[in-house]
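Architecture and fold: a report
Okay, here's what each chain looks like letter by letter:
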Amino acid sequence: PRAMGPVLGWIRGTGRVEGKVTAAHRHHRHHHRRRRLCLRLTQRRMAGKRAAGGRGGQGFGVPTLPLPIPTLSDEPGSWAFDTMSRRVNEKILRGMVMTDNEADLSDAARERLTEFSRELERAGETTLRPIAQDGGADVDAWNAILSQYEGLTWLTAPWVVTEYYFYRRILEACGYFAGELGDPFERQKENGLASCAPALSPLAKLANGACASRIDKDVELNFKALLLTSLWGNRMDLSIWPAETEEDVESGQRAAEAMAEVIGSSSTMLLADHSERVWLEVSRRGGRMDLVLDNAGFELVTDLCLADFLVNSGLASKVVLHAKAYPVFVSDAMEKDVLGTIRELALAQGTGMEEAAARWRGHIEHGRWEVREDEFWCTPLAFWEMPDRITSHLEGSRMCFVKGDANYRRQLGERQWEHDTPFEDVSAYWGCPVCCLRTMKSEVACGISREDERRASEEDGSWLVSGRYGVVHART
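Our subject in this report is the structure included herewith. (Residues numbered from 1 in each chain as written. Predicted model: local features only at pLDDT ≥ 70, side-chain atom pairs only at ≥ 80, totals over all residues. Heavy atoms only, no water.)

1. Section: unusual backbone geometry
As a reminder of what qualifies: Secondary structure elements follow DSSP: runs of H or I no shorter than four residues count as helices, runs of E no shorter than two count as strands, and numbering proceeds from the N terminus. Residue exposure (1.4 Å probe, protein chains only): buried if accessible area is under 20% of the type maximum, exposed if over 50%, otherwise partly exposed.
Here the phi dihedral of Phe329 falls at roughly 50°; this positive angle occurs in a residue that is not glycine. Locating Phe329 in the fold gives a position in the loop between strand E5 (318–324) and helix H13 (335–346). Of the residues examined, Phe329 reaches a relative accessible area of 13% and is grouped as buried. Of note in the backbone geometry, Val330 takes a positive phi value of approximately 65° without being a glycine. In this structure, Val330 sits in the loop between E5 and H13. A residue is classified by how much of its surface remains accessible, and Val330, at 12% relative accessible area, is buried.

2. Thoughts on the packing of aromatic side chains
The line we're drawing: Stacked, tilted and edge-to-face pairs are distinguished by plane angle, under 30 degrees for stacked and over 60 for edge-to-face with tilted covering the rest, among Phe, Tyr and Trp rings (Trp via its six-membered ring) whose centres lie within 6.5 Å. By definition, being over a ring means that NZ of Lys or CZ of Arg is both within 6 Å of the ring centre and within 35 degrees of the ring normal.
What the rule picks out here adds up to 20 aromatic pairs. Look at Trp142 and Tyr165: their rings are 6.1 Å apart centre to centre, the planes differ by 50°, and that puts the pair in the tilted class. Of the two residues, Trp142 sits in helix H5 (residues 139–146) while Tyr165 sits in helix H6 (residues 159–174), which places them 23 residues apart along the sequence. Note on Tyr429 and Trp430: the rings are 6.4 Å apart at their centroids and 35° apart in plane angle, and the pair reads as tilted. When the ring centre of Tyr164 is taken as reference, the NZ or CZ atom of Arg410 above it lies at 5.4 Å.

3. A look at the packing of H13 against helix H14 (residues 353–365)
To characterise two packed helices, one gives the angle between the axes of the helices and the distance between these axes. To keep things clear, this is the line we draw: Each axis is a line fitted through C-alpha atoms, taken for helices only over the stretch in contact, and angles between the N-to-C directions span 0 to 180 degrees. Angle categories: roughly parallel below 35 degrees, roughly antiparallel above 145, roughly perpendicular from 65 to 115, and oblique for all the rest. Take the far helix as the reference: if the near one is turned anticlockwise from it by less than a right angle, the crossing is left-handed, and if turned clockwise, right-handed. Between two residues, a contact is recorded if the distance between any of their heavy atoms is within 4.5 Å.
Taken N-terminus to C-terminus, the directions of H13 and H14 make an angle of 140°; their axes are 7 Å apart at the nearest point. In terms of their interaxial angle, H13 and H14 are classed as oblique. As for the relative orientation of H13 and H14, their crossing is left-handed in sense. Seen from H13, the contacting residues are Leu339, Ile342, Leu345 and Ala346; seen from H14, they are Met353, Glu354, Ala357, Trp360, Arg361 and Ile364.

4. Some details on the nonpolar core
Note on soluble globular proteins: their nonpolar side chains tend to be buried together. Rules: Buried residues of nine kinds, namely Ala, Val, Leu, Ile, Met, Phe, Trp, Tyr and Cys, make up a nonpolar core once their side-chain atoms join them within 4.5 Å.
Core analysis: the biggest nonpolar cluster contains 140 residues, and Phe166, Phe223, Phe401 and Trp430 have the highest contact counts within it. The element that contributes the greatest number of residues to this core is H6, accounting for 11 residues. If sequence neighbours within four positions are ignored, Phe166 has contacts with Met84, Val88, Ile92, Leu93, Phe116, Leu120 and Trp154.

5. Description of the side chain of Arg398
This is how the line gets drawn: Counted as positive: Lys and Arg. Counted as negative: Asp and Glu, with His and the chain ends omitted from the count. Each reported salt bridge corresponds to a side-chain nitrogen of Lys or Arg within 4 Å of a carboxyl oxygen of Asp or Glu.
Inspection of the secondary structure puts Arg398 in the loop between helix H15 (388–394) and strand E7 (400–403). One buried charged side chain, Arg398, makes no salt bridge at all; its nearest oppositely charged neighbour is Glu281, positioned 4.9 Å away. The contacts of Arg398, once residues within four sequence positions are left out, are Glu281, Val282, Ser283, Arg284, Arg285, Gly286, Gly287, Arg288, Met289, Leu315 and Pro433.

6. Observations concerning the side chain of Thr421
Mapped onto the elements of the fold, Thr421 is located in the loop between helix H16 (405–411) and helix H17 (423–426). Ignoring anything within four residues of it in the chain, the contact list for Thr421 reads Leu65, Val426, Cys446 and Gly447.

Honestly, it's all geometry; don't read function into it.
This is the structure we're talking about:
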């Protein structure tokens, strides 16, 4: 029943209220208003998608399952709320961009960044505005996305939209596309690569040993070990490898033991593991595979070790590395970061990585590796909205490996799927086999059994965002 005068009718779950609105009623009303907003956003997005022609027009097509509501950032206590109401401003804009680049910022850029910081202090009140014509080739595409969220704030628009928008606004404020400042996260990336120096030798032992092995029965073990090393690359420390306790000698057995240790040490933290399914797909050998990169630094090194093994073992004839077209999410890898990492590791004498870097240069020179940048990887669009230039390429892929949490969020459209919804059903829109390697750092998930979810929540109340847990998900 409708509310009549001062007397409110029955509200399911809140009881009868007369003459005033209780906190429970306000929460209930906010929940339904929020849900209606989310449903409108979903309908608007999917109407635009279907108008674009589905699979044949733009992208692989849409998921066959009904789409849940998107994740917003307006729920106090959630990771999304803390990110958009505090972390992006305090930790990233002021703590990194303005601090790390203080000596290189123009007066105009410094003032734009300061004003941007003030805007973020009012995140719950400030509506999203279009990207200015700052010289970026993506301005029109970005503003077409933003037009669908007109009137919404930093907290009421979908989280994936506002977080990617935040990084694009940093580039606008810095004058990145006008040539006023280079990569605003360059110092962070350099520090990230330098900090992984102690881990280079044991990683090189694993990677070089795997690539040197000519024993057919070891290929599966080596592949799975490097797959898991790539998964945990952005949180890996030396504890996952055996400590060096003897002189380095040529020993295939020692390398095999080290790789077995990688698998054993990480398996307890996996909430879903489709490694066997992935192996059965890639073991047919030959053809091109693709790897959508995530972070620069140590994670990128582990990704390159996986790509190295794929071509050295003959599992793939070529690997295409998909990189960001411009800086986003602080450490996400661009082509310059891939090439710069190879150059740096070629100078890492005595670690074994100089040997790997020499192979990697050869892969690029001889066409076994190709690095491709694309602006799509820098946008908040769901992966079912990939443009034709990417989907037509991926349809010829034997396997596409997708790295990292941010890419996984877009794989799921950052929607609130039930956690036990099968990954294969959510990802049915893909036009090629896909394997997602994700450490969990956000409040969206699928393909996790209720038993594993219960175990993780008992072990760690922040299991969805702590980065301790991971998944190897695949649709083949």
